[in-house]
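Geometric and topological summary
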Amino acid sequence: MEDTIILYASPEHLNSMLKSKIKAFVIDFFCNPAFEVSRSLNIPTYFYVSSGGFGLCAFIYFPTIDETIDPKNIGDMNDFLEIPGCPLLCSLDFPRGMFFRQSNTYKHFLDTAKNMRKSNGIVVNAFNALEFRAKEALSNAFNALVESGADKTRISV
């Protein structure tokens with residue numbers, strides 16, 4: 001247990017800890033800037049998602065939404081989106097920060113979702129009996145990543 005280090009990582013702290021024996025980082029949504037630093041140091045990095053499987057499905061699908069919708073903003077769509085593992089979601093029900101592609105909030109959400117896809121794994125707080133569709137969609141997303149040869153993100157539900 002003496003090799004275990006628990007830290008709340010910020011980019012400034014990460015570089016100062018180079019001599020320690022860090023085995024992995026487990027970060028949440030708000031620690032996304034630490035992802036690039038930990039990857040550059042070859043430290044396995046995992047995301048923890050406390051919002052459940054449904055929220056994770058919607059979040060990791062966000063880059064696909066960004067790539068497939070017309071150049072207009074999500075807030076201008078006023079339409080339903082089909083997201084694997086989720087019921088139909090109205091575009092107007094997304095957080096307001098995700099409405100406009102040019103906003104910093106939109107860019108942060110997109111960058112974090114892309115980094116989650118590239119991480120070594122995602123740990124999600126979910127209940128199988130309540131979120132069986134989300135679990136199935138996340139399993140299928142994992143299998144698609146493996147088949148495509150992309151970075152193999154593991155999702156633990």
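The structure presented is a predicted model; accordingly, all values stated were derived computationally and were not measured.

**Some points on unusual backbone geometry**
Even without being a glycine, Asn42 presents a positive backbone phi close to 60°. Within the element layout of this structure, Asn42 appears in the loop between helix H2 (32-40) and strand E2 (45-49). In this structure, Asn78 takes a positive phi of about 50° despite not being glycine.

**Considering the side chain of Asp66**
Within the secondary structure layout, Asp66 lies in helix H4 (residues 62-68). A polar side-chain atom of Asp66 sits 2.5 Å from a polar atom in the side chain of Tyr106. For Asp66, the residues in contact, after removing those within four places along its chain, are Arg101, Tyr106 and Leu110.

**Points about the environment of Ser119**
Relative to the helices and strands, Ser119 resides in the loop between helix H6 (104-118) and strand E5 (121-124). You can call Ser119 buried: its relative accessible area is 2%. Separated by 74 residues in the primary sequence, Ser119 and Thr45 place their C-alpha atoms 5.8 Å from one another. Within polar-contact distance, the side chain of Ser119 engages the backbone oxygen of Met116 at 2.8 Å. For Ser119, the side chain forms a polar contact with the main-chain oxygen of Gly121, separated by 3.1 Å.

**What about the state of the cysteines?**
This structure, assessed with the given rule, holds 0 disulfides. Of the cysteine sulfurs around Cys57, a residue in no disulfide, the closest is that of Cys86, at 4.9 Å.

**Things to note about the confidence of the model for the chain**
Predicted confidence across the chain gives a mean pLDDT of 79, with 76% of residues reaching 70 or more. Within the chain, the lowest mean pLDDT, 53, falls on strand E6 (residues 154-156), and the highest, 92, falls on H6. The low-confidence segment residues 1-7 (pLDDT under 50) makes 8 contacts with residues lying over four places distant or belonging to another chain.

**Let's talk about the packing of aromatic side chains**
Inspection of the entire model under this criterion finds 7 aromatic pairs. Note on Phe29 and Phe59: the rings are 5.4 Å apart at their centroids and 70° apart in plane angle, and the pair reads as edge-to-face. Placement of the pair is Phe29 in the loop between strand E1 (25-27) and H2 and Phe59 in helix H3 (residues 53-60), with a sequence separation of 30 residues. Grouping residues by exposure puts Phe29 and Phe59 together as buried. Ring centres 5.4 Å apart and planes at 45° place the aromatic pair Phe29 and Phe109 in the tilted group. Pair noted here: Phe29 is in the loop between E1 and H2 and Phe109 is in helix H6, with a separation of 80 residues, a long-range link. Each of the two residues, Phe29 as well as Phe109, counts as buried. By the ring-pair criterion, three or more aromatic residues cluster together here, those being Phe29, Phe30, Phe59 and Phe109.

Definitions and cut-offs
Residues numbered from 1 in each chain as written. Predicted model: local features only at pLDDT ≥ 70, side-chain atom pairs only at ≥ 80, totals over all residues. Heavy atoms only, no water. Helix = DSSP H or I, 4+ residues; strand = E, 2+ residues; numbered from the N terminus. Polar contact = N/O pair within 3.5 Å; in protein donor to acceptor, adjacent residues only side chain to side chain. Contact = heavy atoms within 4.5 Å. Buried < 20%, exposed > 50% of the residue type's maximum accessible area, 1.4 Å probe, protein only. Disulfide = S-S within 2.5 Å. pLDDT = per-residue confidence, 0-100. Phe/Tyr/Trp six-rings, centres within 6.5 Å; stacked < 30°, edge-to-face > 60°.

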